[in-house]
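# Observations on chain architecture
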There are 2 protein chains.
Amino acid sequence: MAERQDGTTAHAPGSVGALGEFGLVDAVVSRFATTPDVLLGPGDDAAVVAAPDGRVVATTDLLVEGRHFRRDWSSAFEVGRKAAAQNLADVVAMGARPTALLIGLGAPADLPAAWATGLADGLAHECALLGATVVGGDVVRSDTVVIAVTALGDLEGRAPLTRSGARAGEVVALAGRLGWAAAGLAVLGRGFRSPRVLADAHRVPDPPYAAGKAAALGGATAMLDVSDGLVQDAGHLAAASRVVVALDTARIAIDQPIVDAAAAFNADPLVWVLGGGDDHALLATFPPGTPLPDGFVAIGEVTAGDPAVLVDGAPWAGPAGHDHFAR
Amino acid sequence: MAERQDGTTAHAPGSVGALGEFGLVDAVVSRFATTPDVLLGPGDDAAVVAAPDGRVVATTDLLVEGRHFRRDWSSAFEVGRKAAAQNLADVVAMGARPTALLIGLGAPADLPAAWATGLADGLAHECALLGATVVGGDVVRSDTVVIAVTALGDLEGRAPLTRSGARAGEVVALAGRLGWAAAGLAVLGRGFRSPRVLADAHRVPDPPYAAGKAAALGGATAMLDVSDGLVQDAGHLAAASRVVVALDTARIAIDQPIVDAAAAFNADPLVWVLGGGDDHALLATFPPGTPLPDGFVAIGEVTAGDPAVLVDGAPWAGPAGHDHFAR
């Protein structure tokens, strides 16, 4: 911004400040498709979204620049996809069908308008993978970029798949990737841009969206989104269900890019696989003998006892997972 | 925070950093009541909220410290009430019944934990006025305090009251206060703490919650929440309905505290009343001859023509309202 003679400020051409609040809203809203679930889209005091089940699943996340994403590591499109994905994955982890997102964007006045529209394109792209869309939002000024995402979903008549339904004797199964985002963070954090597949995995997760509904239809008794690390999130399931989750690392595939990067960085790949977050795999439990739905692999069992996670029979000594206030 | 010998940092006692993410979540979640609408509350990947109508009303706002509130002007409890109120008012402005809030909190590690719990108490208090509650959220670290609020509501079988239903010949009516928050901002901005009623009106709005459903049941054809200033928000209604909103200032009461403060500050009270935001009054239109529901006063009429707002027959020359990217 340049200070002008009259004491007001002129915003840089192409910035969100120059576009203004309402110009910015118009520019991003045009990015969002409509779907049969959108009964009233952006532009009113509130949106109206179909909730045919008579219940609505709702979850919210806040992403802060420098903590959850870096503009020099990820494009706006990638940040948009990631912001949408982590909330869509939470809805999917309840066994629900995501319907709609609401977005709050805090932006500095000098943020390029193209960044904001790129973000919108990323949000729209990720939503479209699931037939969802963005139905509303808010744009305000802030010193750093802040993105608030709320996702809504419909249970289609099914019971929600909570964390508390696991019982001793059941099978612990996993769908999706583990360790990729953590390995990608290690790559980017060391100043590298490759292996590209790992850096990209940090930028945009690849949650096993289809596996959520498959688990709900396939008899899962509990499920959660692995966002903070397998051991930590398994601990949440163990605590909520009051069971022991016993993981068998021999049954957890460590993908080749993880093995290779760990060798290059002299790191333990299992630390990324068991402790790394942000891949948004799905961890679920199934009664013994249940054929596992497509995408799920058995990686352990539920046993009785004080809530705990065991890795190959013992508490895990590695980093436990993510605390947003820890250093 | 103090740097420790082992390279980690120690958080100040009583700070959210010392409490940690999960300790903080536990501390605030205990503040939130349950209601019959809460089918699954905080603690899982997502909440499940009743949506008996089969549609859900949803709106979101982002509040940034230093722009939307100041910790030296408002208590955490007041910030919580305000954050809830402005979202609840948006749901009410659709003619819906608010059911649930989701909250994203970005907080510096040195934020006193008592501030976070005070915020939660304020959110809970304001929700309780309407039988709503907080069902979920997210806590992350950020340099300044950021609060993301999403509100959900149920239409109870009624059509949503949008901005686009006004027709020429109808009555324009207002429920709630105007100019109070703007006058309060002027008071606080000049370093005063009184008149207390005005400073308090800036800290916590007093939306006419009951008038929303009354308007919906009483035949309103359009309605919106006046958050950015009467003239600006009337302009949104005019644009969406493709009508002229003609306001008659002789019918808009200017409350005595506003008159007195304007006199003391040598200000024009009408600028606060027509241009000031944050009071969350409700502006609605009704077919001619409709008995106005409790709380509503006629302040103008809808006429045909290119979308515009007229104040006593002419465009208003005062500050038009709020652009979040303007200075």
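Residues numbered from 1 in each chain as written. Chains lettered and ligands numbered in written order. Predicted model: local features only at pLDDT ≥ 70, side-chain atom pairs only at ≥ 80, totals over all residues.

Attention now moves to the overall build of chain A. Along the backbone of chain A there are nine helices and 14 strands. In terms of overall dimensions, chain A is globule-like: its C-alpha atoms have a radius of gyration of 21 Å, near the 20 Å expected for 327 residues. With respect to the principal axes defined by its C-alpha atoms, chain A has extents near 75 × 50 × 30 Å. Buried residues in chain A amount to 60% of all 327 residues. For chain A, contacts bridging at least 24 residues in sequence account for 84% of all contacts bridging at least 6. (Helix = DSSP H or I, 4+ residues; strand = E, 2+ residues; numbered from the N terminus. Rg over C-alpha atoms; globule rule 2.2 N^0.38 Å. Buried ≥ 20, exposed ≤ 12 C-beta atoms within 10 Å, placed from the backbone. Contact = placed C-beta atoms within 7 Å.)

On to the sheet that holds strand E12 (residues 281-286) of chain A. All names here are of chain A. Spatially, the six strands line up as an open sheet ordered E10-E12-E9-E13-E11-E14, and their pairing is mixed. The open sheet is flanked by strand E10 (222-226) and strand E14 (308-311), the only strands paired with a single partner. Averaged over all adjacent pairs, the angle separating strand axes in this sheet is 25°, with direction ignored. Bridge count between strand E9 (residues 171-175) and strand E13 (residues 296-303): five bridges; the pairing is antiparallel. Counterpart to Ala173 in the pairing with E13 is Ala298. Where helix H6 (residues 209-217) meets the sheet, it contacts E9, E10, E12 and E13, and its direction lies at approximately 10° from that of E12. (Pairing = 2+ DSSP bridges. Axes fitted to C-alpha atoms, helices over the stretch in contact; angles between N-to-C directions.)

Right, let's get into the pairing of strand E5 (residues 55-64) of chain B. Counting buried positions along E5(B) gives ten out of ten residues, so the element sits mostly inside the fold. The alternating pattern of E5(B) places B:Arg55, B:Val57, B:Thr59, B:Asp61 and B:Leu63 on one face and B:Val56, B:Ala58, B:Thr60, B:Leu62 and B:Val64 on the opposite face, and all of these are buried. Of the strand pairs in this sheet, strand E4 (residues 47-50) of chain A and E5(B) are connected by four bridges, and their pairing is antiparallel. Along E5(B), the bridge assignment pairs A:Val49 with B:Val56. In this structure, E5(B) lies alongside strand E8 (residues 146-154) of chain B, joined through eight bridges in antiparallel fashion. Its bridge partner lying in E8(B), B:Ala58 is registered against B:Leu152.

All names here are of chain A. Along its sequence, chain A is carved into domain 1 (2-154) and domain 2 (171-311). Just the C-alpha atoms count here: the centres of domain 1 and domain 2 sit 28 Å apart. The interface is formed by 16 residues belonging to domain 1 together with 16 residues belonging to domain 2. Tallied by class, residues from the side of domain 1 that touches domain 2 come to eight nonpolar, three polar and five charged. (Domains from an automatic or database assignment. Nonpolar A, V, L, I, M, F, W, Y, C, P; charged D, E, K, R; others polar.)

Moving on, we get to the relation of the copies chain B and chain A. Superposing chain B onto chain A takes a rotation of 180° combined with a translation of 0.0 Å along the rotation axis, leaving an RMSD of 0.0 Å. The symmetry that links the two subunits is that of a two-fold axis. For chain B, the minimum C-alpha distance to the rotation axis belongs to B:Gly54 and amounts to 2.4 Å. The fraction of interface residues of chain B whose copies in chain A are also interface residues reaches 100%, indicating that both copies meet through the same surface. (Least-squares fit on C-alpha atoms with pLDDT ≥ 70 in both.)

One open sheet accounts for six strands, arranged E7(A)-E6(A)-E8(A)-E5(A)-E4(B)-E3(B); its pairing is mixed. Edge positions in the open sheet fall to strand E7 (133-141) of chain A together with strand E3 (38-40) of chain B, since each of these has one partner strand only. Adjacent strand axes in the sheet meet at a mean angle of 25° when their direction is disregarded. Sheet analysis places strand E6 (residues 97-107) of chain A next to E7(A), joined by eight bridges and oriented parallel. The residue bridging A:Leu105 from the neighbouring strand is A:Val139, located in E7(A).

Residues and elements named next belong to chain B. With their axes 6 Å apart at the nearest point, helix H2 (residues 76-92) and helix H3 (residues 113-128) run at an angle of 40° to one another. Viewed along their axes, H2 and H3 adopt a mutual orientation that is oblique. As for the relative orientation of H2 and H3, their crossing is right-handed in sense. For the pair H2 and H3, contact is made by Ala76, Phe77, Glu78, Val79, Gly80, Arg81, Ala83, Ala84, Ala85 and Leu88 and by Trp115, Gly118, Leu119, Ala120, Asp121, Gly122, Leu123, His125, Glu126 and Cys127, respectively. (Parallel < 35°, antiparallel > 145°, perpendicular 65-115°, else oblique. Left-handed = near helix turned anticlockwise from the far one by under 90°.)

Attention now moves to helix H1 (residues 16-29) of chain B. A rise of 1.5 Å per residue sets the reference length of H1(B), with its 14 residues, at 20 Å; its end C-alpha atoms lie only 14 Å apart and thus fall more than 12% short of the reference. For H1(B), the secondary structure elements touched by its buried residues are strand E6 (97-107), H3 and strand E7 (133-141) of chain B. (Expected span 1.5 Å × (residues − 1).)

Before going further, it helps to examine the interface of chain B and chain A. Across the boundary between the two partners, chain B contributes 59 residues, which contact 59 residues of chain A. At nine residues, E5(B) tops the list of elements feeding residues into the side of chain B that touches chain A. Here the residues of the side of chain B that touches chain A are counted per class, giving 29 nonpolar, 16 polar and 14 charged.

On to helix H7 (residues 230-241) of chain A, then. Residues and elements named next belong to chain A. Here H7 is twelve residues long and its end C-alpha atoms lie 16 Å apart, about the 16 Å a rise of 1.5 Å per residue gives. Counting buried positions along H7 gives nine out of twelve residues, so the element sits mostly inside the fold. Leu230, Val231, Gln232, Asp233, Ala234, His236, Leu237, Ala238 and Ser241 are the residues of H7 that are buried. As for H7, its buried residues are in contact with E10, strand E11 (244-247), helix H9 (269-275), E12 and E14. Positive phi appears at Arg242, one or two residues downstream of H7, with a value of about 55°.

The next subject is the packing of helix H4 (residues 180-189) of chain A against helix H8 (residues 256-265) of chain A. All names here are of chain A. Running from amino to carboxyl end, H4 crosses H8 at an angle of 35°, the nearest separation of the two axes being 10 Å. For H4 against H8, the interelement crossing comes out left-handed. For the pair formed by H4 and H8, the contact residues are Trp180, Ala183, Ala186 and Val187 on the first element and Pro257, Ile258, Ala261 and Phe265 on the second. For the contact of H4 with H8, the per-class residue count stands at eight nonpolar, no polar and no charged.

Attention shifts here to the environment of B:Phe192. Its place among the elements puts B:Phe192 in the loop between helix H4 (180-189) and helix H5 (196-203). For the pair B:Phe192 and B:Pro112, spaced 80 residues apart in sequence, the C-alpha to C-alpha distance is 26 Å.

Now for the environment of A:Glu301. Residue and element names in this part refer to chain A. Within the fold, Glu301 resides in strand E13. Here Glu301 falls in the buried class, since 20 other C-beta atoms lie within 10 Å of it. In this structure, Glu301 is in contact with Glu170, Val171, Val172 and Ala246, ignoring residues within four places of it in sequence.

All right, on to the confidence of the model for chain A then. Looking at chain A, pLDDT values average 94 and 95% of them are 70 or higher. With a pTM of 0.95, the predicted complex shows an ipTM of 0.94. (pLDDT = per-residue confidence, 0-100.)

Residues and elements named next belong to chain A. Taken across its nine residues, strand E8 (residues 146-154) has nine buried, putting it largely inside the fold. Covered by surrounding structure in E8 are Val146, Ala148, Thr150, Leu152 and Asp154 together with Ile147, Val149, Ala151 and Gly153, the residues of both alternating faces. Judged from the nine bridges that link them, E6 and E8 form a sheet pairing that is antiparallel. Pairing of Pro98 across the sheet is with Gly153, part of E8.

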